[in-house]
Amino acid sequence: MRPVPADALPQLRPWFAPERPGPLIFEHVVRTGHGRCRVDRWPHPQVVLAELPGNYALRGDPAQLEPGDLEDVTGFVDAPPEWLPALRTLDPATGVWDRLVAVLPDDAVVPPPRDHVRLLTPADAPALAGLGAEDAWIHETWGGVAGLLAAGVAYAGIVDGEPVSIAAPFYVGGEYEDIGVVTVQAHRRRGLSTASAAAVIRDIRARGHVPSWTTSPDNTGSLAVAARLGFTHVRDDVLYAVRTPIPV
């Protein structure tokens, strides 16, 4: 698999069209500069891989893979069903992670701004760097803490001067932006996730995009926040967990 130069990435867009809410990995790579895309050949690829840390999107013909092409893939893979046998050749324990995808209707009324929620800045880097492993995924699609804070898209609920509930677009597309939220265990069930996500929603709408929300059907906390904000279920989906456990 060979990397595709950044200036050639738009040529791969038909492989991931039409854009739909959910894991917008390719569009996030193109629009933010984080991550990369690789192909089996150029300029007429048969396999296209868009990748961010721990998150991948595969398109094309699995039969065109060469041995070793995907040996470094570890994480969650968005791919059509015909890719599952190839992924299980790489990792026989590849799991299927059920996902629910929702969007926010145009007429949904977002809760008003809260005084204890603010935009995060690079000065908040030490606090975000101190997040536990359970919550650190919030910045992985931005290349880490510095990338997320430099983008100016993350909001947090603040308690005693510290950000304890962080929300941000996990994926940025041309039409949709998929929201991620983490709240430190000790501060859950206080409305902080809803308030910080609402601030992100206002930004997404100001950019002319549609907020989306993706979670698993057993994540009752995430589902409750999405319901309070007015998100509407639009489809079911799956991700394939390659060499990585499905989160509980």
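Up top is the structure these notes are about.
The structure displayed is predicted, hence computed values, not measured ones.

A. Representation of the environment of cysteine 37 in the model. Considering the arrangement of structural elements, one finds cysteine 37 in strand E2 (residues 36–39). Spatially, the C-alpha atoms of cysteine 37 and proline 211 are 25 Å apart, while their sequence positions differ by 174 residues. When residues no more than four places from it in sequence are discounted, the contact partners of cysteine 37 are Arg2, Pro3, Val4, Leu9, Leu12, Phe26, Val29, Leu49 and Ala50.

B. How the structure looks around the side chain of glutamate 177. Relative to the elements of secondary structure, glutamate 177 occurs in strand E10 (residues 176–183). The class of glutamate 177 is buried, set by a relative accessible area of 1%. Excluding its chain neighbours within four sequence positions, the residues that come into contact with glutamate 177 are Leu24, Pro169, Tyr171, Val172, Ile204, Arg207, His209, Val210, Pro211 and Ser212.

C. Structural detail: the nonpolar core. If you look at the biggest cluster of nonpolar residues, it comprises 21 residues, and the most contacted ones within it are Ile179, Ile201, Trp213, Leu229 and Phe231. Elements with a contribution of two residues or more to this core: E10, helix H5 (192–206) and helix H6 (220–229). The element contributing the most residues to this core is H5, with seven residues. Those residues in contact with isoleucine 201 that lie beyond four places of it in its chain are Leu104, Val110, Ile179, Pro211, Leu229 and Phe231.

D. Structural context of the sheet that holds strand E1 (residues 2–3). Judged by pairing direction, the sheet is mixed, and its twelve strands sit side by side in the order E1-E2-E3-E4-E5-E12-E6-E11-E10-E9-E8-E7 without closing on themselves. Two strands close off the open sheet at either side, each with one partner strand: E1 and strand E7 (117–119). Contacts from H5 reach E7, strand E8 (155–159), strand E9 (162–172), E10 and strand E11 (210–215) within the one sheet, and its direction differs from that of E9 by about 40°. The strands touched by H6 within the sheet are strand E6 (95–103) and E11, with E11 carrying the most contacts at an inclination of about 155°.

Quick notes on the rules
- Residues numbered from 1 in each chain as written.
- Predicted model: local features only at pLDDT ≥ 70, side-chain atom pairs only at ≥ 80, totals over all residues.
- Heavy atoms only, no water.
- Helix = DSSP H or I, 4+ residues; strand = E, 2+ residues; numbered from the N terminus.
- Contact = heavy atoms within 4.5 Å.
- Buried < 20%, exposed > 50% of the residue type's maximum accessible area, 1.4 Å probe, protein only.
- Core = buried A, V, L, I, M, F, W, Y, C linked by side-chain atoms within 4.5 Å.
- Pairing = 2+ DSSP bridges.
- Axes fitted to C-alpha atoms, helices over the stretch in contact; angles between N-to-C directions.

Function cannot be read off these values alone, since they describe shape.
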